[in-house]
Amino acid sequence: MTPADLRPLFDAQYAASRAHTDVPLLVRRERLLRIQKLLDEHGPTLAAAVQADFGVRSQRLTEVADMFVLRALLSHTLRHLARWAKPQKVRTPLHLQPARAWVQRQPLGVVGVISPWNYPVQLALAPVIAALAAGNRVMLKPSELTPHTAAQLALLAAQFFAPDEFCVVQGDAAMAGAFAALPFDHLVFTGSTAVGRKVAQAAAAHLTPTTLELGGKSPCIIDADCDLQDAALKIAHGKLLNAGQTCIAPDYVLLPRGREAAFAEAYRAAVARLFPRIVGNPDYASIISPRHIARLRSMLQQAQSQGAEVHDMDPAPGAAPHAASAVLDGGMGRQMSPTLVLGATAGMQLMQEEIFGPILPVIAYERLDDAIAHINGGPRPLALYWFGNSEATRDDVLHRTVSGGVTVNDTLVHIAHDNLPFGGVGDSGWGAYHGEPGFLRFCHQKAVLVQSRWSLGALLYPPYGARFDRVMGLLRRWL
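These numbers were taken from a predicted model, which means no experiment stands behind them. (Residues numbered from 1 in each chain as written. Predicted model: local features only at pLDDT ≥ 70, side-chain atom pairs only at ≥ 80, totals over all residues. Heavy atoms only, no water.)

**Looking at the pattern of salt bridges**
And then number 1: Per the stated rule, a full pass over the model turns up 23 salt bridges.
And then number 2: In this structure, the salt-bridge partner of D185 is R18, at a minimum N-O distance of 2.8 Å. In this pair, D185 is assigned in the loop between α6 (173–180) and β6 (186–190) and R18 in helix α1 (residues 6–19), connecting sequence segments 167 residues apart.
And then number 3: Exposure remark for D185: the relative accessible area of 16% places this residue in the buried category.
And then number 4: Residues E165 and R31 are paired through a salt bridge, measuring 3.2 Å at the closest nitrogen-oxygen approach. In this pair, E165 is assigned in the loop between α5 (147–160) and β5 (166–168) and R31 in helix α2 (residues 25–54), connecting sequence segments 134 residues apart. Judged on exposure class, the residue E165 and its partner R31 are both buried.
And then number 5: Taken together, the salt bridges that share partners define one network made up of R367, D369, D370, D396 and R400. (Salt bridge = Lys/Arg side-chain N within 4 Å of Asp/Glu carboxyl O. Helix = DSSP H or I, 4+ residues; strand = E, 2+ residues; numbered from the N terminus. Buried < 20%, exposed > 50% of the residue type's maximum accessible area, 1.4 Å probe, protein only.)

**Some words on the packing of α2 against α5**
And then number 1: It is at 8 Å that the axes of α2 and α5 come closest, and there the two elements cross at 160°. Accordingly, the angle class assigned to the pair α2 and α5 is roughly antiparallel. In this structure, the crossing between α2 and α5 has a hand that is right-handed. On the side of α2, the interface is formed by R34, K37, L38, E41, H42, T45, L46, A49, V50, A52 and D53, while α5 contributes P147, H148, T149, Q152, L153, L156, Q159 and F160.
And then number 2: Looking at the contact of α2 with α5 residue by residue, the class counts come to nine nonpolar, six polar and four charged. (Axes fitted to C-alpha atoms, helices over the stretch in contact; angles between N-to-C directions. Parallel < 35°, antiparallel > 145°, perpendicular 65-115°, else oblique. Left-handed = near helix turned anticlockwise from the far one by under 90°. Contact = heavy atoms within 4.5 Å. Nonpolar A, V, L, I, M, F, W, Y, C, P; charged D, E, K, R; others polar.)

**Digging into α6**
And then number 1: Residues of α6 that are buried: M175, A176, F179 and A180. Down the axis of α6, the buried side of the element spans an arc of 135°, and every buried residue falls inside it.
And then number 2: Where α6 begins, the side chain of D172 points an oxygen toward the backbone nitrogen of A174, at a separation of 3.1 Å. (Arc of directions from axis to C-beta. Polar contact = N/O pair within 3.5 Å; in protein donor to acceptor, adjacent residues only side chain to side chain.)

**A word on the packing of helix α8 (residues 228–240) against helix α9 (residues 260–274)**
And then number 1: At a minimum axis separation of 8 Å, α8 and α9 run at an interaxial angle of 55°. Classed by the angle they form, the pair α8 and α9 counts as oblique. When you trace α8 past α9, the crossing you get is right-handed. Contacts from L228, Q229, A232, L233, I235, A236, H237, K239 and L240 of α8 reach α9 at A262, F263, A266, Y267, A270, V271, R273 and L274.
And then number 2: Here the residues of the contact of α8 with α9 are counted per class, giving 13 nonpolar, two polar and two charged.

**With respect to α8**
And then number 1: With 13 residues, α8 extends 18 Å from end C-alpha to end C-alpha; this agrees with the ideal 18 Å at 1.5 Å per step.
And then number 2: Considered for burial, the residues of α8 that qualify are L228, A231, A232, L233, I235, A236, G238, K239 and L240.
And then number 3: Here the buried face of α8 lies against β8 (219–222), β9 (252–256), α9, β12 (359–365) and β13 (383–387).
And then number 4: Two or three places before Q229, at the opening of α8, D227 has a side-chain oxygen 3.1 Å from that residue's backbone nitrogen. (Expected span 1.5 Å × (residues − 1).)

**Section: the sheet that holds strand β16 (residues 429–430)**
And then number 1: Pairing in this open sheet of six strands is mixed, and the strands run β5-β4-β3-β6-β7-β16 from one edge to the other. Only two strands of the sheet have a single neighbouring strand rather than two, namely β5 and β16.
And then number 2: When β6 meets strand β7 (residues 210–213), the two strands line up parallel, connected through four bridges. Of the residues in β7, the one forming a bridge with L187 is T210.
And then number 3: Along the sheet face, α1 touches β3 (110–114), β4 (137–141) and β5 and points at about 160° away from the line of β4. (Pairing = 2+ DSSP bridges.)

**A short note on the pairing of β4**
And then number 1: Taking burial as the measure, the five residues of β4 include five buried ones, the bulk of the element.
And then number 2: Of the two faces of β4, both are covered, the one formed by R137, M139 and K141 as well as the one formed by V138 and L140.
And then number 3: Here five bridges tie β3 to β4, and the two strands are oriented parallel to one another. Among the inter-strand pairings, V111 is bridged to a residue of β4, identified as V138.
And then number 4: Since β3 and β4 lie parallel, the crossover through helix α4 (residues 122–133) that links them has a hand, and here it is right-handed.
And then number 5: As paired strands, β4 and β5 are joined by three bridges and run parallel to one another. Bridging from a neighbouring strand, M139 pairs with C167 of β5. (Right-handed = clockwise from strand over helix to strand, strands pointing away.)

**Things to note about unusual backbone geometry**
And then number 1: With an omega dihedral of 10°, the bond running from Q97 to P98 counts as a cis peptide bond.
And then number 2: Looking along the chain, the bond that leaves P462 and enters P463 is cis, with omega of 5°.
And then number 3: For P463, the position within the fold is in the loop between β18 (443–450) and α16 (466–478).
And then number 4: Notably, F356 is not glycine yet its phi reads approximately 60°, a positive angle.
And then number 5: For H434, which is not glycine, the phi torsion reads 90° and is therefore positive.
And then number 6: Within the element layout of this structure, H434 appears in the loop between β17 (432–433) and α15 (435–441).

Dropping the structure here:
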């Protein structure tokens, strides 16, 4: 497929969306059930494709990080779709009574989705589910860095859907640029902030509204009174899931000064508990490409050259790969050791860019005010994590910081709550989906007012005079 092939696909979906503006609830449910059937029947095949793209990424990891999230989202959406799709009655103000009014939730039309490589099934199909639930047609462009997964998604979409309902487009960055330039009714992009700016610029040419799910420096604040071992385990899980290649992974830790050695010990124990070995461990994903691992190693080298302490957290450094992992040879060379960096400073690359790997910088703070000032001094993060026992301190942090989402005394799990919107703010993105907020993101909420035959609106028509003044006087008293 070439960029020139995109327009006929778009035109077919556009024509279908305009010919069928009212998409019945039964049609929407049936489309969602097809996605469910696709996952149920071909989940192992998709997991194998993800494995082929990463080199090392076990089927169990894909099951929990991609498939389970999608199944939960589908179940929640199917359960609540009828209520979400109903017209929403609204109260009519006194000066417009006895008119009736409601908000009618209609499909936007054609939704484009550009998905990333790190969770190549979940982050491709989650916005597709929300858009189909809202009655839209959908075109999906997966990342070129996961070509096996993209090819499998394209094959399955063609098997379960007509092209004017849902289709998958494969291709490189040039194809993604052409895709973003189509006149969609809405465009979803998940990826880096730098590419997100380019997507927003391309969409602006057609006044296409966008949802941008980006990334950033998501901090963990450790309060002085928290259980350090428990916090370290939860931070290690959030950081090392998918080898840190997660948009809401903890990016760095803010720690009370003097607790650095204790945290390093607790973090080392947590890594050993989760991943007794790194090389050859199928539960520990490899870095997606040689280029990405070279970038991460360069970050570490620069930090070390500028005086930071770099601690390799591999519980079994130099251990030979386990025999059962022989089939994973393709990615074992990219299984990067979890690394703790003490003494990180603002001038280091790993504190200026989203890390997107298993490197965890630690910054000591004297007072909570210093930690909050550090966070507020940079772009607003996609996620924030706070660990502690004081509700007053927790609420102080929540009130004085702005982030896309927050999990207290854990990491990542706010994304799995079906009734919470997922999205960023500022440089970490805009717009949110999941659950009802996702459904509404892909709807046009049309205002409808039905005038009554007993309307008194004519009392406000010209010519103006004494009667008009009396009516306006009454209205002012009623407001």
